[in-house]
Structure formats: structure tokens, C-alpha cells
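# Fold and contact review
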Amino acid sequence: MGQKLEIDVNGKKHQLDADPETSLLEALREDLGMTGTKYGCGESRCGACTVLVDGVPTHSCVTTIADVKGAKVQTIESLEKNGTLHPVQEAFLETGAFQCGYCVSGMVMTAVGLLKSNPHPTEAQIVEYMSGNVCRCGAYPRIVEAIQKAAQSGGK
Amino acid sequence: MTTLPVEKSTAISRRALLKLLGGGILVAAAGPAAIAEALSQRNRPAMPQNISAWIHIGKDGRILVLTGKVEVGQNARTSITQAAAEELQVPMSLVTVLMGDTDAVPYDMGTFGSLTTPMMIPQIRKAAAAARQQLLTRAAKTFGVSADQLTTHDGKVWAGTRSASYGEVAGGEALTDTIPASIAVTAPNEWKVLGQTVRKVDARDFVTGRHVYAVDMTAKGMLRAKVLRPPSYGAVIESIDTSAAEAMPGVKVVRDSEFVAVAAPSLSAAGKAIAAIKVEWTEKPGQPSSKQVHAILRGTSTIAHPEPVAGAKPLSATYQCAYIAHVPLEPRAALAEWDGTRMTVHTGTQRPFGVRPEVATALGIPESQVRILVPDTGSGYGGKHAGDAAVEAAKISKALGVPVSVSWSRPEEFEFAYFRPAGVDELFATFTPDGRIVQWECDNFNSGPPGIECPYDTATPRTESHQAKSPLRQGSYRCLGATFNNFARESHVDDLAHACGLDPLAFRIRNLEKSPELQEVLKAAATKFEWGQHTPASNHGFGLACGTEKGGYVATCVEIAVDPKTKAIRVVRAVTAFQCGAILNPDLLKNQVDGAVIMGIGGALFEAIEFENGKILNPRLSKYRVPRFSDIPKMETVLIDRKDLPSAGAGEVPIMAIAPAIGNAVFQATGIRLRSMPMRLPA
Ligand code: FES
Ligand code: FES
């Protein structure tokens, strides 16, 4: 405790007065008030807490703020620009790829990461890449469909 | 299954409501006799009658609908919005639904049992139709014409080219008529908003992460709390030393005999403070394990079956299912605020009016001093009937005099919520060699009677549910015990078909003369699946099953594959046909059906709570397997829209047929009959 640690979230630098071992998830949700990123398991098994760290989908529950020092963190809050949804968000909306919605932030961020690294994934690649994310409501088929739709619209 | 506590129906004071809403039209609804009857049969309080307000029209023409139902992902918010928009003949965008705020909405038992569609939707339709009727009466006076010369569209009343908005006609005044029992509502074949695919209300807030769940809520000066959990069920505190926790910066400790909690500025600080408490426990010895549980639940009572009638052969079998967890992705959470007089709790629950007395009792204050509000919740599946997190947050907030947030960890959610009950089913049937079921008996132990009745044509079926002492806390679930009872029955029926040398589809149809609805869904699923037209590949099998509950009818056909080495079962393809009367929203219905089938794969193949000595052995997602992307078969869904039938709920029943369909397919592939859920082939 005590020392200040700087993290870069959505292009903005934040000074955190926190234990470097604090999870990125807690820092986002509690210190920065960005509650779009969710807790689901705390052990890297559900993907609800997924954010991008330098463009790579990362489970923020098992990532400390010290781990992301000097890196660029991107959360769900950064995707909508001037009222326009990111193509992946748009595709989730169009497809109705959720029910209770609790998994959506993590699903969308993972899918954004997927399309960054592989703009035209096959269905099998989508299933493989998304396999760390749980939707307990079982919207999986539509999530796959939404990602395919986003890929078609060139959404990265 | 849960025994729901019977609560007093609490009528909301009209004055309080008017104050809350700032005036406007209030239509008091007399609940239809059928609802009152259904409720009294279940010995539960009726919906408030005559004095209850369901609909408010603001001066700005915006329409507020009030309901005690809550949104947990089943899209009740959307269907209720559609219902009000349909009958008021306004665009959905003018309608807002206020859900689950116990200070503002009429009393409601809770959001369970697929009751929103058959009970709340008709109520809202009638209330909305009556509201429109009163607007017409009022506008007729203003325009100096008779009401039947008026039309309504786009939130306005029209007399030829003259028009006035609903807001203007209402003028901020309350109309307090009761809903005429005879009020006409729009017939399903004339629906313009209901029956259509419309997007989930507030969908955009979910894809942007803006929606605020209970777990996301904060308040000024709020602390985050953790509760000290016993190492095993029934353990009591022998000695405790909280001084180290109390010495931590910003940490406060609350103790009320066995209830010990800490509150801190952050969740991790609260976690560290809990870990710093030195406590010795006296544990409760001799608690059973999951390995023995079915023998315990079954007990030793003897069940006498009748002699087979002449010419019939008997077939008996025993089935069992494990305790499973709901695993709502949003764990239980609550934000409680004590203002010195009243306790306000925001929490994700399916029963706000059930949580209110829980909180009141825990605090020793009258219910009138408790308000529960339910933000749209990260799912429930029957798992969020109780108010555990709400009670905890309320106790700590009252003790400390600051707002307190409690959000459970995943292990807490596994260990201290409640489970879908484990159970045993003993089946006895007799059949004639020409393919008729003659006698039918089913005895259920512990997991409850839903879905136990036999829909097949038998003269004197006997079904009975026997209570047992469950070693684990158990409660509701999606479709309650029906998933298991249906698994047992549909597996047994499959065995009967094979015993007669008949195709399982043909055998079912032959024995379902009394149920054209089940025949209809079976045929629809079978046609889509091309049942009987193909031979499965080696290590693959086809299976089908059907089921009915709560006015819904489902049939599922599956193709499964068995890994020749590991013997793991994978569902390759699932075709489900579902009929729930007049469909309210085809696309959202399809989403529900698919979601239920996928959830059903979990209970069918992997999910089981393991326990021993009062401890849950697999209380985390790394040890408790839920369906994932890679488990999802190719899915096809046939929705049968029966505009001639009343709409029935759809969140539950589609889960019923998948497990037995899988078991029947495994039998076809391997010749092995799996009688225990989750189903696993011996390696
Ligand atoms: S909360 Fe991080 S993966 Fe589940
Ligand atoms: S929509 Fe509920 S968990 Fe995915």
C-alpha cells in the first residue's frame, strides 16, 4: 500500500493509490467506477471479466495492476464512439446474442480480440477462441452468429 | 422443491403511489377470477384486487407499467412492454415498465413457475385496455363526440383530424375505475405488437456494459462487506478473535452471535480482514456424502406395486439425479442503505416481496420499513428466490449506519445458496406385447412432484412424491423436479418401446391418444430431424423424448456421439419443437428455448455437486463443469404458434426433454441404459 501506480485505461492514465497486487478487475470496478467489466468466477474460468491488454483478451480477475504497468488496457466502456456502437456490439445487438446480459461485456471484448488477430475466423476457430467464456443463459449459438456477422461487416 | 413461505398480501397505499408518480391515470384492476382461484388453490395470497394500480399515464404521455415481476434474462420486461403497447395502441418506446420495487408495484409472489406469461401478461393487457377505454370516454367529452367515433394511434386520441395526446387527455388526473371483468382485449390474430419479434427492451445497455446490476451499485460512503463463513455446514464458533481485523485501516467488524462480518473500503480489503479473524470452530460430525445420498433420500420404506393385469408384462427401474447448482453468472449481491428509519435494499432476486419480510425479520423491524428494489438481474433459473445477500447487507448496514454492498464470490454462491434437489424415481409399468402401456406407477423421493404425472394413456396411473430429509439446502430450479421426473419417465418409455420391438416415436404416438399436443410436438421435431430416415454412424445414436408442464409442450430429437476411447458423450445435433400457445415474441422465445436446451445438457451430462462432511468439494467453475461453446450441438428449433390457445410461459419447459433424449440416444448407440443424471458411460 502507499505507492502510486499508474495504469492506462481506455487511453486515459490513472494514478492508483493501491497495493500493486490489487486485481485489475477490482481497480476497474471499484477505483475507477467502470462496472461494465464483471466478476463471474475469480479464477480465469468464465471470461466475464475480459478486457484487452495491448489488444489481447485478458482475464482481469487474475491480472494485477502491477501486471499492466506500461500497457494499454481497454474495457467495454471504450467501444462505443460518439454514440456509434463497435461492429461487434452492433452484431450482438442485432442478433440478440444474450438473455440476462451479464456475460456480454466479456463476450464482446473477447470477440473484439479475436477479430483483431483473425478478421475472418471459421466457426471452429470462433468456438475454440471463445471457449474460456461462459454464458450460463446458453446464448452460445447466437454469440457465434454475432461474431460471424461482425466479421462480415469488417468489424475489428 | 422450495416451500414458499406464505406472506400477507400487502396493499400499496394509493396516496403513497400517487406521490411517487406525481399524479396521473391509475387503473385499478380486479384480478380475473381464474387467477384468484388458481392462487387460492395453492394457498397463496391473491394479486391485490380493486385497489391495485398497474398503469400510469404521465402528463408527457409516457406510460408507466407497474409489476412485481422482475427481469432475470427471461425477457419479461419486453413481453410486458409489448402487452401494454398492444392494448393501449401506442409505440413500445412510450412504455416504461417499473419492476420489482416493493414500495411502488402491486404485491406479487415472485417471478417463478412460468407465471408471468399466463398471469401477468393477461392482467397488464386488461389494465391497458381499460386505460385506453377510459381515455376514450374522457376524450369523447372534450371533443363533444361519442366514444365510438374516436380512434387511437401513436399515443393520441383522434376525432377525425383533431387529436389529443394521451398525456393531454389524462391531464395528470387519476382514473380510478376497476377493470371491467368484461373488458375486451385484442385477439391474438389481430396483434400488432404482441406476437411480433421485437428486440429486448434496453438491449443496448447490455452490449455497452452500461446496465447496472445489483453487484455494480454503489452509494456515497458505501463499504464493501464480507461474511465469515463456516468451514462446513452446521459448524459453530468455539472461540473468535477479531482484533487483528479491527486493527486494519478502514475495517469495521460486525458480530451478532454466529453472524460475523467485516466491512471495508474495498472487496479485497474486506477479504483480507476476514482472513485475519482467528476463529476456532466446532464442526458437526457425521454428515453424509454425495456418494451415499441417494440411499438416504430413498429411505427403506416398501412400495407395493399391483399385480400386472392379465396379458401384461411388468418393467421396473430406478433412476436418480444429483444435486446441481444454478450458477447464475451474476452471483448474489445487494446494496443496503439504512437511513435511521427505513431499510432500502437493491438486490437481484426473483422474489422481492419474499425478500422484504426476510429482511424485516432479520432486522426486527416492520415490513413497512423495508423497501426492496430489483435491478434487472444476471439470471436466476429458480436460484434467486431467497434474500441471503440482501439480509446480510441490511444487517451490516444497520449496524454500521452506512450503505453496505455485499457481493458473493463464486465459491460462496456454490456453497451457501441452495441447490436443485437430488432425487430418486422408482418406476413400475406394465405393457402388452402389441405396444400399449397398461399400468404406470412412479414414486419420487425428495426432488418433488413437478412433471411426475404420466401423460401417456393408462387407466389408473399412480404417481407419488415422498419427502425426505435433504442433507443440503435445496430449492427451486428451472422447471423444478420436472427435468428429472421427465428423464425417468421418458427413459422408461423408451425401454418399453424397445421391449415391444417398436420404434420409440411410433410407440409414443400410439400411447398418446389423449394428448394431441404432445403428438404435435413429437411429430414436428421428428419431421425436422428426419427421424427414421437415417441410420446413425458407428458410435452415434439417435434419441427422442417429450414432456409437458405448465401449459407448454416440448419434444427433442438428438444425435449423440460416444468417443470410443474416453466414452465421453457429445451431443451432435438437437432438434426441439415447442408449443406454448400464442407466441408473444418469436425471436426471444427461440432464444429461451435454445438456452433451456443448452442448460439441460449440463444437468444431463456433467453437472453434479459433490460433498462430504458438510463441505462442498467442487465449489468453483474449474471443478464444476457448465456447458461451454464446445458443448453446443447443431441446434434447430421449431416453434409451433397456436393462436387458438392461451400463451403459456416458456422459460422452463423446453429444458425437460433434452436429458432423456440424450439417454435414449446413448442407449441406441451403446445398448447401455444410463439411469443417473448426470449420465456418464463407464470408461
Ligand atoms: S471472473 Fe475472471 S474469468 Fe471469471
Ligand atoms: S446472457 Fe446470461 S450469462 Fe450470458
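So, here is what we can say about the structure in this document.

What counts and how
- Residues numbered from 1 in each chain as written.
- Chains lettered and ligands numbered in written order.
- Predicted model: local features only at pLDDT ≥ 70, side-chain atom pairs only at ≥ 80, totals over all residues.
- Heavy atoms only, no water.
- Pairing = 2+ DSSP bridges.
- Helix = DSSP H or I, 4+ residues; strand = E, 2+ residues; numbered from the N terminus.
- Salt bridge = Lys/Arg side-chain N within 4 Å of Asp/Glu carboxyl O.
- Buried < 20%, exposed > 50% of the residue type's maximum accessible area, 1.4 Å probe, protein only.
- Core = buried A, V, L, I, M, F, W, Y, C linked by side-chain atoms within 4.5 Å.
- Contact = heavy atoms within 4.5 Å.
- Buried area = accessible area lost by both parts, 1.4 Å probe.
- Polar contact = N/O pair within 3.5 Å; in protein donor to acceptor, adjacent residues only side chain to side chain.
- Lys, Arg positive; Asp, Glu negative; His and termini not counted.
- Expected span 1.5 Å × (residues − 1).
- Axes fitted to C-alpha atoms, helices over the stretch in contact; angles between N-to-C directions.
- Phe/Tyr/Trp six-rings, centres within 6.5 Å; stacked < 30°, edge-to-face > 60°.
- Lys NZ or Arg CZ within 6 Å of the ring centre and 35° of its normal.

### Considerations on the pairing of strand 2 (residues 12-17) of chain A
Residues and elements named next belong to chain A. Here strand 1 (residues 4-9) pairs with strand 2 via six bridges, running antiparallel. Within the sheet, the bridge partner assigned to valine 9 lies in strand 2 and is lysine 12. Once strand 1 ends, the chain turns through two residues before running back antiparallel as strand 2, passing asparagine 10 with a positive phi of about 55°.

### Digging into the pattern of salt bridges
With the rule as written, the count across this model stands at 48 salt bridges over all chains. Across the pair aspartate 216 of chain B and lysine 38 of chain A runs a salt bridge whose closest N-O atoms are separated by 2.5 Å. A residue pair is termed interchain when its members come from two chains, as with aspartate 216 of chain B in the loop between helix 6 (203-207) and strand 7 (223-227) and lysine 38 of chain A in the loop between helix 1 (24-31) and strand 3 (50-53). In this structure, aspartate 216 of chain B and lysine 38 of chain A share a single accessibility class: buried. Taking the shortest distance from any N to any O, the salt bridge between arginine 462 of chain B and glutamate 441 of chain B comes out at 2.8 Å. Placement of the pair is arginine 462 of chain B in strand 19 (residues 462-466) and glutamate 441 of chain B in strand 18 (residues 436-445), with a sequence separation of 21 residues. Using a relative accessible area of 23% as the deciding quantity, one classes arginine 462 of chain B as partly exposed. Among the charged side chains, a network of salt bridges with common partners joins Glu490, Asp494, Asp495, Arg508, Arg673 and Arg675 of chain B.

### As for the nonpolar core
Counting 180 residues, the largest nonpolar core has Phe92 and Ile143 of chain A together with Val359, Ile396, Ile609 and Ile662 of chain B as its most contacted members. Among the elements that take part in this core, helix 16 (residues 586-605) of chain B stands out by supplying nine residues, more than any other. Sequence-distant contacts of isoleucine 609 of chain B, that is, excluding residues within four places in its chain, are made with Ser290, Tyr323, Ile324, Ala325, Phe414, Phe419, Leu472, Ile616, Asn618 and Tyr624 of chain B. Of all hydrophobic cores here, the second largest spans 42 residues; its members include Val97, Met120, Ile121 and Ala128 of chain B.

### Some words on the interface of chain B and chain A
Facing 55 residues of chain B, the contacting portion of chain A comprises 46 residues. Summing both sides of the interface, chain B and chain A together bury roughly 4,200 Å²; the carbon and sulfur share of this comes to 53%. On the chain B side of the contact with chain A, Val207, Leu329 and Phe629 of chain B bury the most area, a combined 22% of that side's loss. A salt bridge links glutamate 94 of chain A to arginine 199 of chain B; the shortest N-O distance between them is 2.9 Å. If you look at where chain B meets chain A, you find 35 residue pairs in polar contact (both at pLDDT 80 or more). Top contributing element to the side of chain B that touches chain A by residue count: helix 16 of chain B, with eight residues.

### Brief notes about the side chain of glutamate 559 of chain B
All names here are of chain B. Considering the arrangement of structural elements, one finds glutamate 559 in strand 21 (residues 552-562). Buried within the structure, glutamate 559 lacks any salt-bridge partner; its nearest side chain of opposite charge belongs to arginine 573, at an N-O separation of 5.5 Å. A distance of 2.7 Å separates polar atoms of two side chains, one belonging to glutamate 559 and the other to histidine 540. Those residues in contact with glutamate 559, other than ones at most four positions away along the chain, are Phe529, His540, Gly541, Phe542, Arg570, Val571, Val572 and Arg573.

### Quick notes on helix 13 (residues 482-500) of chain B
Side chains of residues three or four places apart in an α-helix project in the same direction, reflecting 3.6 residues per turn. In this model, helix 13 of chain B (19 residues) spans 26 Å end to end at C-alpha, consistent with the 27 Å of a helix rising 1.5 Å per residue. Where burial is concerned, most of helix 13 of chain B is hidden: 17 out of the 19 residues are buried.

### Things to note about the sheet that holds strand 3 (residues 95-99) of chain B
All names here are of chain B. Sheet architecture is open: three strands sit in the order 1-2-3, paired in mixed fashion. The open sheet has two free edges, formed respectively by strand 1 (55-57) and strand 3, since each of these has just one partner strand. The mean angle between the axes of side-by-side strands here comes to 20°, regardless of whether they run parallel or antiparallel. Strand direction decides the pairing type here: strand 1 and strand 2 (residues 63-67), joined by three bridges, are antiparallel. The residue of strand 2 that forms the bridge with isoleucine 57 is isoleucine 63. Taken strand by strand, helix 3 (residues 76-88) contacts strand 1, strand 2 and strand 3, and its axis lies near 135° from that of strand 3. In this fold helix 4 (residues 116-143) packs onto strand 1 and strand 2, with an angle of close to 35° to the strand it touches most, strand 1.

### So, the packing of aromatic side chains
If you walk through the whole model with that rule in mind, you get 12 aromatic pairs over all chains. Where phenylalanine 98 of chain A meets phenylalanine 206 of chain B, the ring centres are 6.0 Å apart and the plane angle is 40°; that geometry is what we call tilted. Placement of phenylalanine 98 of chain A in the loop between helix 2 (87-95) and helix 3 (104-117) and of phenylalanine 206 of chain B in helix 6 is noted, with the two residues assigned to different chains. On the basis of relative accessible area, phenylalanine 206 of chain B is assigned to the buried category, the value being 3%. The ring of phenylalanine 416 of chain B has arginine 229 of chain B sitting right over it, with the charged end atom 5.2 Å from the ring centre.

Taken by themselves, the reported measurements are silent on function.
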